[in-house]
Amino acid sequence: MPKFLLSLLFICTTSLVWSQESQQERLEQRKAQIQQEIKENERLLQSVKKKEKSAVSVMAIQEKKIALKENLIKTTEKQAKLLSNDMYINQVQINKLKKELAILKEDYAKMIVKSYKSRSEESRAMFLLSSKNFQQAYKRLQYMKQYTSFRKIQGEEIQGKSKELVVYNQKLEVQKSAKQKLIEEKEKERQSLEQEKKEQEKLVNAIKKDKNKIANDIKKKQQEAKAIDRQIDRLIRQAIAEANRKAAAERAKQKAAATAAAKEKKAAALAAAKELANANKTTKNAKPIAKPVETEEEPEPTTRESISSTKIDLTPEAKIVSDNFRANKGRLPYPVERGKITLGFGYQPHPVYKSLMVHNSGVEITTDQGATARAVFDGVVTSVFDLTKVTKAVMIQHGDYFTVYQNLSSVNVSMGDKVSRKQALGRIRSNGETGKTVLKFLIYQNTSYINPAGWLSN
């Protein structure tokens, strides 16, 4: 029973060590990734400092760098904690091996003493010859062989345990060195972080001196954003009106076809009645048959159907598309392969002046330089238009939903094209001054803004 418990403890300990080693590998990979991001951020920061006259963009990059360094310190702390756990487990194993080794050596020493006392060949021979019968002599001989074999096995076990103890001690020493290295790295990063925060404080103070200029810059950018929003709203209304015109024309066509069919049916009925009446005149005693009453046709209404430009009158096919889009809320892919939301939807406070609010009709997603925008769902391109001299936008219809992709330097699609989920739409423009590559992404239902963050997959 004790052996079973020891075996079970060994299996559990081994599994725990393996699991922690796997976690260490993942943390090391994450750490390398963060360090690479910090390097890229530092390169971008130096580039921006040379080109950017305003400190706002520099501060935004600096903030990201501080966040990355804080993340790196947390990852290092996790590594150190896991390493401490490994060291504790190894120390437990060393203590266990020392106890087992002490017991083995003690038993082995007693056996050696006993063997020494009965070392002569005469005593062994007498032990066999003093047997009462042949069976007892055979059993005594077997016992002597087993005793010798057990002593050999015990000696080998002591040797094996000793080697295992040496290995664990070496492993513990390596782990102590690794932990010391992690502590030094953590301290170095902490000092670097303090320096970054001091630089950030200087930037904030520099920005605060120029509040009026920043407020004017924000106002100008907001006016530009509102002008773009009005342009998109106008295009969406045009798309809605066009879709409704097509739907109305299709309904009118179907109604005209139904009216024509009804007229043909009525004309056929009248012709049949007249033919029957003529046949009855030739019969002398036939009773008079009442003539069919010809009713005047009501004139069709001449009033034209009003066309809405604010809400799509969905056809059965468009309703299916719209329902499918809605069903994928929270599961839509990002409109870029890699990136994260850096400016949210609605009113957002300025990074320094919290009282200065910035309105955003969609979300801004920062991605890699040279990245491509991609469709989040199947749909039809309803518009490709210019925002500025160097930027374009693409609008895609999904039933009564629209998605808009802004800040493209080049476009791969044309108006009327059918696009599929994750299909490339165009290349995203990188800002020449800041070096940042940002896609502005919007979702509308008819003419109403929707927060895209809740629709995109996490």
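Residues numbered from 1 in each chain as written. Predicted model: local features only at pLDDT ≥ 70, side-chain atom pairs only at ≥ 80, totals over all residues. Heavy atoms only, no water.

Novice: I'd love a proper account of the overall build of the chain, names of residues and values included.
Specialist: A tally of helices and strands in the chain yields six helices and 12 strands. Expressed as a percentage of the 458 residues in the chain, the buried residues total 32%. Looking at the chain alone, contacts between residues at least 24 apart form 73% of all its contacts between residues at least 6 apart. Accessible surface for the chain amounts to roughly 30,000 Å². Of this, 54% is attributable to carbon and sulfur atoms. (Helix = DSSP H or I, 4+ residues; strand = E, 2+ residues; numbered from the N terminus. Buried < 20%, exposed > 50% of the residue type's maximum accessible area, 1.4 Å probe, protein only. Contact = heavy atoms within 4.5 Å. Areas by Shrake-Rupley, 256 points an atom, 1.4 Å probe, with all protein chains shown as cover.)

Novice: Can you tell me about unusual backbone geometry, naming the residues and giving the values?
Specialist: Of note, the phi angle at Asn 407 is positive, near 70°, even though the residue is not glycine. Following the sequence through the fold, Asn 407 ends up in strand S8 (residues 401–411). Unlike most non-glycine residues, Lys 422 shows phi in positive territory, near 70°. Topologically, Lys 422 is positioned in the loop between strand S9 (418–419) and strand S10 (424–428). Overall, the relative accessible area of 48% leaves Lys 422 in the partly exposed class.

Novice: Would you mind going over the packing of aromatic side chains in detail, with residue names and values included?
Specialist: Tallied over the full model, the rule gives six aromatic pairs. Ring plane angle 90° and centroid distance 5.4 Å describe the contact between Phe 325 and Phe 377, whose orientation is recorded as edge-to-face. Residue Phe 325 is found in helix H6 (residues 316–327), and its partner Phe 377 is found in the loop between strand S5 (372–374) and strand S6 (379–386); the two are separated by 52 residues along the sequence. The burial state of Phe 325 is the same as that of Phe 377; both residues are buried. (Phe/Tyr/Trp six-rings, centres within 6.5 Å; stacked < 30°, edge-to-face > 60°.)

Novice: Could you give me a rundown of the nonpolar core, with the residues and numbers involved?
Specialist: Ile 396, Tyr 405 and Phe 441 are the most contacted members of the largest nonpolar core, which totals 26 residues. If you list the elements that add at least two residues to this core, you get strand S4 (363–367), strand S7 (392–398), S8, S10 and strand S11 (437–445). For Phe 441, the residues in contact, after removing those within four places along its chain, are Pro 335, Gly 362, Val 363, Ile 365, Val 376, Thr 403, Val 404, Tyr 405, Pro 452 and Leu 456. Among the nonpolar cores identified, the runner-up in size contains 15 residues, and Phe 385, Leu 387, Phe 402 and Val 404 belong to it. (Core = buried A, V, L, I, M, F, W, Y, C linked by side-chain atoms within 4.5 Å.)

Novice: So what's going on with the environment of Glu 63? Which residues, and what values?
Specialist: As for its position among the elements, Glu 63 is in helix H2 (residues 55–117). Residues Glu 63 and Lys 197, spaced 134 residues apart in sequence, show a C-alpha to C-alpha distance of 8.7 Å.

Novice: Could you give me a rundown of the pairing of S8, with the residues and numbers involved?
Specialist: Among the 11 residues that make up S8, eight are buried, leaving the element largely enclosed by the rest of the structure. In this antiparallel pair of consecutive strands, S7 and S8, the connection spans two residues, and Gly 399 shows a positive phi of 75°. Here S8 pairs with S10 via three bridges, running antiparallel. The residue of S10 that forms the bridge with Val 411 is Gly 426. (Pairing = 2+ DSSP bridges.)

Novice: I'd like to hear about the pattern of salt bridges, residue by residue, with values.
Specialist: Using the criterion set out here, one finds six salt bridges in the structure. Put simply, Arg 237 and Asp 233 hold a salt bridge, and the shortest N to O gap is 2.9 Å. Pair noted here: Arg 237 and Asp 233 are both in helix H5 (residues 211–281), with a separation of four residues, about one helical turn. Using a relative accessible area of 30% as the deciding quantity, one classes Arg 237 as partly exposed. Its salt-bridge partner being Lys 392, residue Asp 386 comes within 3.1 Å of it at the nearest N-O pair. Salt bridges linked by common partners bring Lys 319, Asp 323 and Arg 326 together as one network. (Salt bridge = Lys/Arg side-chain N within 4 Å of Asp/Glu carboxyl O.)

Novice: Tell me what's going on with the side chain of Thr 403, and back it up with residues and numbers.
Specialist: Tracing the backbone shows Thr 403 in strand S8. At 2.8 Å, the side chain of Thr 403 and the side chain of His 398 are in polar contact. Only 3.0 Å separates the side chain of Thr 403 from the side chain of Tyr 405, close enough to count as a polar contact. (Polar contact = N/O pair within 3.5 Å; in protein donor to acceptor, adjacent residues only side chain to side chain.)

Novice: Lay out the side chain of Thr 367 in plain terms, naming residues and giving numbers.
Specialist: Here Thr 367 is to be found in strand S4. What makes Thr 367 buried here is its relative accessible area of 11%. Within the local environment of Thr 367, its side chain forms a polar contact with the backbone oxygen of Arg 338, the two atoms lying 2.5 Å apart.

Novice: Residues and numbers for the environment of Lys 197, please.
Specialist: Considering the arrangement of structural elements, one finds Lys 197 in helix H4 (residues 134–208). On the basis of relative accessible area, Lys 197 is assigned to the partly exposed category, the value being 36%. Setting aside its immediate chain neighbours within four residues, Lys 197 contacts Ile 66 and Glu 70.

Novice: Quick rundown of the environment of Ser 430? Include the residues and the values.
Specialist: Summarising the element assignment, Ser 430 is placed in the loop between S10 and S11. Excluding its chain neighbours within four sequence positions, the residues that come into contact with Ser 430 are Gln 369, Gly 370, Lys 436 and Thr 437. Separated by 2.5 Å, the side chains of Ser 430 and Thr 437 make a polar contact.

Novice: Please provide a residue-by-residue account of the confidence of the model for the chain, values included.
Specialist: Summary statistics for the chain give a mean pLDDT of 75 and a share of 70% for residues scoring 70 or more. Low pLDDT, under 50, characterises residues 289–296; the stretch is placed with six contacts to residues that sit more than four places away or in other chains. (pLDDT = per-residue confidence, 0-100.)

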